[in-house]
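Topology and contacts: notes
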Amino acid sequence: MEKAWLGVVSADHAARAAGQNWIQLNHGKRNNLTRLRRGDGFVFYSPTQRLGEKKPLRAVTQLGIVADDVPFQAEELVQMRAAEPVRPWRRCVEFVPARPVPIGDLAGQLDLTREPGWGHSLRFGLVALSRNDFEVLRRVMTV
């Protein structure tokens, strides 16, 4: 594994994606998906259980390894919020059985969360993770 990434989606969307071995970020846009490479580690961070919920979850919820070389466009049309339906871009990821872990339970263990205001970077939908962070997450999340 050369790189690792943390993608931001609600837990219900992360579970659906993991169940089908693909990821989709930024409401189906292609840009962030092109940064990933086959063999990269990937973790979903879920700020909420469901999109639009106010009650915070703030947990890492799914973990896997990128399993393809380029983004692909889904066959089905998907409704993204109030916009017209789109065919979202996705990447194949081989997910492993994992348990959700509240990010607060990992205080002091992750490079990602050491800097004040670390959560602001999550608004971009995809954040680079250190290899160390991915290994910590793999250890605590793997069932």
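If you're wondering where the values come from, they're calculated on a predicted model, not measured in any experiment. (Residues numbered from 1 in each chain as written. Predicted model: local features only at pLDDT ≥ 70, side-chain atom pairs only at ≥ 80, totals over all residues. Heavy atoms only, no water.)

**Quick look at the pairing of strand E4 (residues 56-66)**
Residues in a regular strand project their side chains so that they alternate between the two faces of the sheet. The pairing of strand E3 (residues 41-48) with E4 spans 7 bridges and is classified as antiparallel. Note on E4: the bridge partner recorded for Gly-41 is Ile-65. Across 2 bridges, E4 lies against strand E7 (residues 101-102) in antiparallel orientation. The partner of Ala-59 across the bridge, within E7, is Pro-102. (Pairing = 2+ DSSP bridges. Helix = DSSP H or I, 4+ residues; strand = E, 2+ residues; numbered from the N terminus.)

**What about the environment of Val-66?**
Here Val-66 lies in strand E4. Sequence-wise, Val-66 and Gly-7 are 59 residues apart; in three dimensions their C-alpha atoms are separated by 12 Å. Not counting the four nearest positions on each side in its chain, Val-66 is found in contact with Leu-36, Arg-37, Arg-38, Gly-39, Asp-40, Phe-42, Arg-91, Cys-92 and Val-93. (Contact = heavy atoms within 4.5 Å.)

**A word on the side chain of Thr-61**
Within the secondary structure, Thr-61 sits in strand E4. A distance of 2.8 Å separates a polar atom in the side chain of Thr-61 from a polar atom in the side chain of Ser-46. (Polar contact = N/O pair within 3.5 Å; in protein donor to acceptor, adjacent residues only side chain to side chain.)

**Points about the environment of Tyr-45**
Along the chain, the position of Tyr-45 falls in strand E3. Looking at Tyr-45, the relative accessible area reads 6%, which means it is buried. In this structure the C-alpha to C-alpha distance between Tyr-45 and Pro-88, which are 43 residues apart in sequence, comes to 20 Å. Once residues lying within four places of it in the same chain are set aside, the contact partners of Tyr-45 are Leu-6, Gly-7, Val-8, Val-9, Arg-58, Ala-59, Val-60, Ile-103 and Leu-122. (Buried < 20%, exposed > 50% of the residue type's maximum accessible area, 1.4 Å probe, protein only.)

**Some words on helix H2 (residues 131-141)**
Taken together, the buried positions of H2 are occupied by Asp-133, Phe-134, Val-136, Leu-137, Val-140 and Met-141. Angularly, the buried residues of H2 cover 160° about the axis, an arc narrow enough to put them on a single face. Opposite the buried face of H2, at more than 90 degrees from it, the exposed residues are Arg-131 and Arg-139. Where H2 is buried, its residues touch strand E1 (4-8), E3, E4, E7 and strand E8 (126-129). (Arc of directions from axis to C-beta.)

**Details of the pattern of salt bridges**
Under the counting rule described, the total for this entry stands at 6 salt bridges. Here Asp-69 ties to Arg-38 by a salt bridge, and the two come within 3.0 Å at their closest N and O atoms. Taken as a pair, Asp-69 in the loop between E4 and strand E5 (72-73) and Arg-38 in the loop between strand E2 (22-23) and E3 lie far apart in primary sequence, 31 residues in all. Owing to a relative accessible area of 52%, Asp-69 belongs among the exposed residues under this scheme. Between Asp-111 and Arg-114 there is a salt bridge whose closest N-O contact spans 2.6 Å. (Salt bridge = Lys/Arg side-chain N within 4 Å of Asp/Glu carboxyl O.)

**Observations concerning the layout of surface pockets**
Here the largest pocket is characterised by a volume of approximately 590 Å³. Residue lining of the largest pocket: 26 residues in total, with Val-8, Val-9, His-13, His-27 and Leu-51 positioned closest to the centre. Where the lining of the largest pocket is concerned, the elements lending two or more residues are helix H1 (11-19) and E3. Tallied by class, residues from the lining of the largest pocket come to 12 nonpolar, 10 polar and 4 charged. (1 Å grid on protein atoms, 1.4 Å probe; cavity = no way out; pocket = protein on both sides within 12 Å on 5 of 7 lines; lining within 4 Å. Points joined across faces, edges and corners; volume = space filled by probe spheres on them. Nonpolar A, V, L, I, M, F, W, Y, C, P; charged D, E, K, R; others polar.)

Shape descriptors only; they carry no functional weight alone.
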